[in-house]
Amino acid sequence: MNNKGFTLIELLVVVLIIGILAAMAMPQYFKAVERSRMSEAVTLLGNIAQSEQRKYLQINRYTADYRALDVAPKGATGADYWTKGDPTTGANGNGFKVTIAGTTYTDGIGTADRVNNNTKNGLQYDYTLTRYYASNDVTCTGNNPNGQSLCADFCGIDTPVASCCSNGTSVACVAPVNND
């Protein structure tokens, strides 16, 4: 008798192997997706910092209102902007709450806080990015173990820490000093 098919055991073994490979690949996929979100936020903070520096040259202080910036995102009002969902409330969003604050050279700062307003579940990668307008460095603060691990990758250090600086130090970036 010539049976030209697979047995149930052979099919189960193949499904099991595919399941194991998928289970190994999914965490790396989710981490890669989060790294791309982080890159988006770093770019956005950089654009805001450059716009704030131009505003500082014009009026000798930073602004805390997106409408005063030359790169204001569409729909941004006040000091807060959500990158996904409603731009003023963040409803139905899964992105960053980007806040601009401070008016002086040493306290002008932008923050991008990872938020998820779609579900009641917490974030898999919970972290906050902070950048002083007068600096090129970005502080990454991990708010859960996965966020701390992602921040360590971002800062180029081996051990996950609560906060690190993009210049490779395992502490938060220092505030700029005004030498006027």
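The structure this text deals with has already been given above.
To start, this report covers the structure provided alongside it. (Residues numbered from 1 in each chain as written. Predicted model: local features only at pLDDT ≥ 70, side-chain atom pairs only at ≥ 80, totals over all residues. Heavy atoms only, no water.)

**With respect to the overall build of the protein**
The helix and strand tally for the protein stands at 2 helices and 6 strands. Secondary structure elements of the protein, listed N to C terminal, follow the sequence α-β-β-β-β-β-α-β. Taken against the 2.2 N^0.38 rule, which gives 16 Å for 180 residues, the C-alpha radius of gyration of the protein at 22 Å runs more than 25% over that of a compact globule. Overall size of the protein, expressed as C-alpha extent along the three principal axes, is 90 × 35 × 25 Å. Expressed as a percentage of its 180 residues, the buried residues of the protein come to 33%. For the protein, restricting intrachain contacts to residue pairs at least 6 apart in sequence, the fraction spanning at least 24 positions comes to 40%. Carbon and sulfur atoms make up 56% of the accessible area of the protein, which totals about 10500 Å². (Helix = DSSP H or I, 4+ residues; strand = E, 2+ residues; numbered from the N terminus. Rg over C-alpha atoms; globule rule 2.2 N^0.38 Å. Buried < 20%, exposed > 50% of the residue type's maximum accessible area, 1.4 Å probe, protein only. Contact = heavy atoms within 4.5 Å. Areas by Shrake-Rupley, 256 points an atom, 1.4 Å probe, with all protein chains shown as cover.)

**Quick look at the nonpolar core**
Counting 28 residues, the largest nonpolar core has Tyr66, Tyr127, Leu129 and Cys140 as the members making the most contacts within it. Of all the secondary-structure elements, those providing two or more residues to this core are helix 1 (8-59), strand 2 (96-101), strand 4 (127-132), strand 5 (138-142) and helix 2 (145-155). In terms of residues, this core owes the most to one element, helix 1, which gives 6 residues. (Core = buried A, V, L, I, M, F, W, Y, C linked by side-chain atoms within 4.5 Å.)

**Some points on helix 1**
When the terminal C-alpha atoms of helix 1 are compared, their 75 Å separation across 52 residues agrees well with the 76 Å that a helix rising 1.5 Å per residue should span. Here helix 1 has its buried residues at Lys31, Glu34, Met38, Ala41, Leu45, Gly46, Ile48, Ala49, Ser51, Glu52, Lys55 and Tyr56. (Expected span 1.5 Å × (residues − 1).)

**Focus on the environment of Ser166**
Turning to its location among the elements, Ser166 is positioned in the segment after strand 6 (163-165). Residue class for Ser166 comes out partly exposed when judged on its relative accessible area of 28%. In contact with Ser166, not counting residues within four places along its chain, are Asp137, Val138, Phe154, Cys155 and Cys173.

**Here's the deal with the state of the cysteines**
With the rule as written, the count across this model stands at 3 disulfides. Linked covalently through their sulfurs, Cys140 and Cys151 form a disulfide whose S-S length is 1.9 Å. On the sign convention where negative is left-handed, the bridge of Cys140 and Cys151, at about -65° about the S-S bond, is left-handed. One end of the pair, Cys140, is in strand 5; the other, Cys151, is in helix 2, and 11 residues separate them in sequence. Ordinal numbering of bonded cysteines along the protein defines a disulfide pattern of 1-2, 3-4, 5-6. (Disulfide = S-S within 2.5 Å.)

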